[in-house]
Amino acid sequence: MSFADIREMVEINEANRDSWIPLLPIFDYRKFTATPDNIFCIVARDPHGRVVGTHACRLYDWSGTNFHEEAVSLRLFYDDPDKMRRPGESCRVTAPSAKSVGGLTVFSGAAWYHPDYRGRGLSTILPHVSKAYALTRWPAETIVSIMAESVHQKGFAKRFGYTNVDWEIFLENSVVGTMRVAFLSVKREETFSILAEHLAGSSQIDAGILRRHAQ
């Protein structure tokens with residue numbers, strides 16, 4: 001695993017469109033001002049250097065606002081929604097917990113795994129590594145994401161480390177089409193507890209490091 005530039009992430013997405021839907025504008029540097037202070041990307045490569053997995057985290061400062069307001073206004077997706085939104089694009093949020101998430105918040109996503117490497121544990125490893133790094137880098141209290149209904153039904157919300165699943169968010173005419181998605185969230189303390197439990201059996205990683213960061 002290694003860090004990657006957000007531009008490389010977009011290129012990887014576009015080169016693997018047969019197995020990866022378009023990136024949400026949340027992770028498209030052409031739709032917001034990306035800096036080292038507000039986003040990072042992680043890629044996993046096979047022994048030949050081929051990218052086989054990706055994940056990214058973006059930091060939002062929602063002081064005085066919340067996820068619900070930012071999503072409905074499309075500011076979650078675009079720096080300038082009026083100019084950047086797609087024709088007829090909208091976002092409707094009825095998930096009650098979306099209004100309670102504000103302040104410094106991390107949006108975790110851009111998750112993709114090459115078809116040759118699915119079923120090998122990458123979908124557990126990369127999200128946990130990304131969350132651990134995000135919370136030691138930024139003093140955020142909550143990590144959030146959204147998840148398509150079909151993906152949620154396969155159990156990926158729990159695998160990705162989310163403790164709260166709330167319905168619904170309805171995306172209309174977005175870059176990924178029109179669909180119903182879940183609002184996912186997990187608090188900082190919960191994330192460190194989950195990571196410590198997940199890594200407790202590893203002989204190569206000291207789970208105590210996570211506990212010290214949580215304190």
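Residues numbered from 1 in each chain as written. Predicted model: local features only at pLDDT ≥ 70, side-chain atom pairs only at ≥ 80, totals over all residues. Heavy atoms only, no water.

Explain the packing of helix α4 (residues 122-137) against helix α7 (residues 188-199) to me, please; I cannot follow it from the model alone.
To characterise two packed helices, one gives the angle between the axes of the helices and the distance between these axes. Direction vectors running N to C along α4 and α7 enclose 135 degrees, while the axes themselves pass 10 Å from each other. Taken as axis vectors, α4 and α7 run oblique relative to one another. Crossing of α4 over α7 shows left-handed handedness. Only R188, T191, F192, I194, L195 and H198 of α7 make contact with α4, whose side of the interface consists of T124, H128, K131, A132, L135 and T136. Residues of the contact of α4 with α7, tallied by class, amount to five nonpolar, five polar and two charged. (Axes fitted to C-alpha atoms, helices over the stretch in contact; angles between N-to-C directions. Helix = DSSP H or I, 4+ residues; strand = E, 2+ residues; numbered from the N terminus. Parallel < 35°, antiparallel > 145°, perpendicular 65-115°, else oblique. Left-handed = near helix turned anticlockwise from the far one by under 90°. Contact = heavy atoms within 4.5 Å. Nonpolar A, V, L, I, M, F, W, Y, C, P; charged D, E, K, R; others polar.)

Sorry, what's going on with the nonpolar core here?
Side chains of nonpolar character tend, in soluble globular proteins, to be buried together. Judged by nonpolar contacts, the single largest core of 39 residues is most densely connected at F67, L76, F107 and I169. Setting aside its immediate chain neighbours within four residues, F67 contacts W62, L76, A98, V101, F107, V144, I146, I169 and F183. Of all hydrophobic cores here, the second largest spans 25 residues; its members include A44, W138, A140 and I143. (Core = buried A, V, L, I, M, F, W, Y, C linked by side-chain atoms within 4.5 Å. Buried < 20%, exposed > 50% of the residue type's maximum accessible area, 1.4 Å probe, protein only.)

Help me understand the sheet that holds strand β1 (residues 2-4), please; the structure alone is not making it clear to me.
Pairing between the strands of a sheet is mediated by backbone hydrogen bonds and can be parallel or antiparallel. Strand order in the open sheet made by the eight strands is β1-β2-β3-β5-β6-β8-β7-β4, with mixed pairing throughout. Two strands bound the open sheet, and with one partner strand each, they are β1 and β4 (90-93). Each strand axis lies, on average, 30 degrees off the axis of its neighbour in the sheet, ignoring direction. With seven bridges joining them, strand β6 (residues 142-148) and strand β8 (residues 177-187) adopt antiparallel strand pairing. Counted as the bridge partner of I146 is F183 from β8. With respect to the sheet, helix α1 (residues 6-15) is in contact with β1, β2 (39-45), β3 (51-62) and β5 (103-113), its orientation differing from that of β2 by roughly 50 degrees. Sheet contacts for α4: β1, β2, β3, β5, β6 and β8; angle to β2, the most-contacted strand, approximately 150 degrees. (Pairing = 2+ DSSP bridges.)

When you look at α4 in this model, what are you seeing that I'm missing?
Three- or four-residue spacings in an α-helix give side chains the same orientation, since the helix completes a turn every 3.6 residues. With 16 residues, α4 should reach 22 Å at 1.5 Å per residue; the first-to-last C-alpha distance of 22 Å fits that figure. The set of residues buried in α4 consists of L122, S123, T124, L126, P127, H128, S130, K131, A132, A134 and L135. (Expected span 1.5 Å × (residues − 1).)

So what exactly am I meant to see when it comes to the pattern of salt bridges here?
Two side chains that carry opposite charge are able to pair once their charged atoms sit near each other. Tallied over the full model, the rule gives ten salt bridges. D116 is the salt-bridge partner of R50, the closest N and O atoms lying 3.3 Å from each other. Residue R50 is located in the loop between β2 and β3, and its partner D116 is located in the loop between β5 and α4; the two are separated by 66 residues in the primary sequence. Accessibility expressed as a relative area gives 34% for R50, which makes it partly exposed. (Salt bridge = Lys/Arg side-chain N within 4 Å of Asp/Glu carboxyl O.)

For this particular structure, what's the right way to read unusual backbone geometry?
Excluding glycine, residues mostly carry a negative phi; peptide bonds, for their part, are mostly trans. At the junction of W167 and E168, the peptide bond is cis and its omega measures out at 0 degrees in the coordinates. Locating E168 in the fold gives a position in strand β7 (residues 164-174). The residue L74 is not glycine, and still its phi comes out positive at about 70 degrees. Relative to the assigned elements, L74 resides in the loop between α2 (67-72) and α3 (81-84). Residue classification places L74 among the buried positions, given a relative accessible area of 1%.

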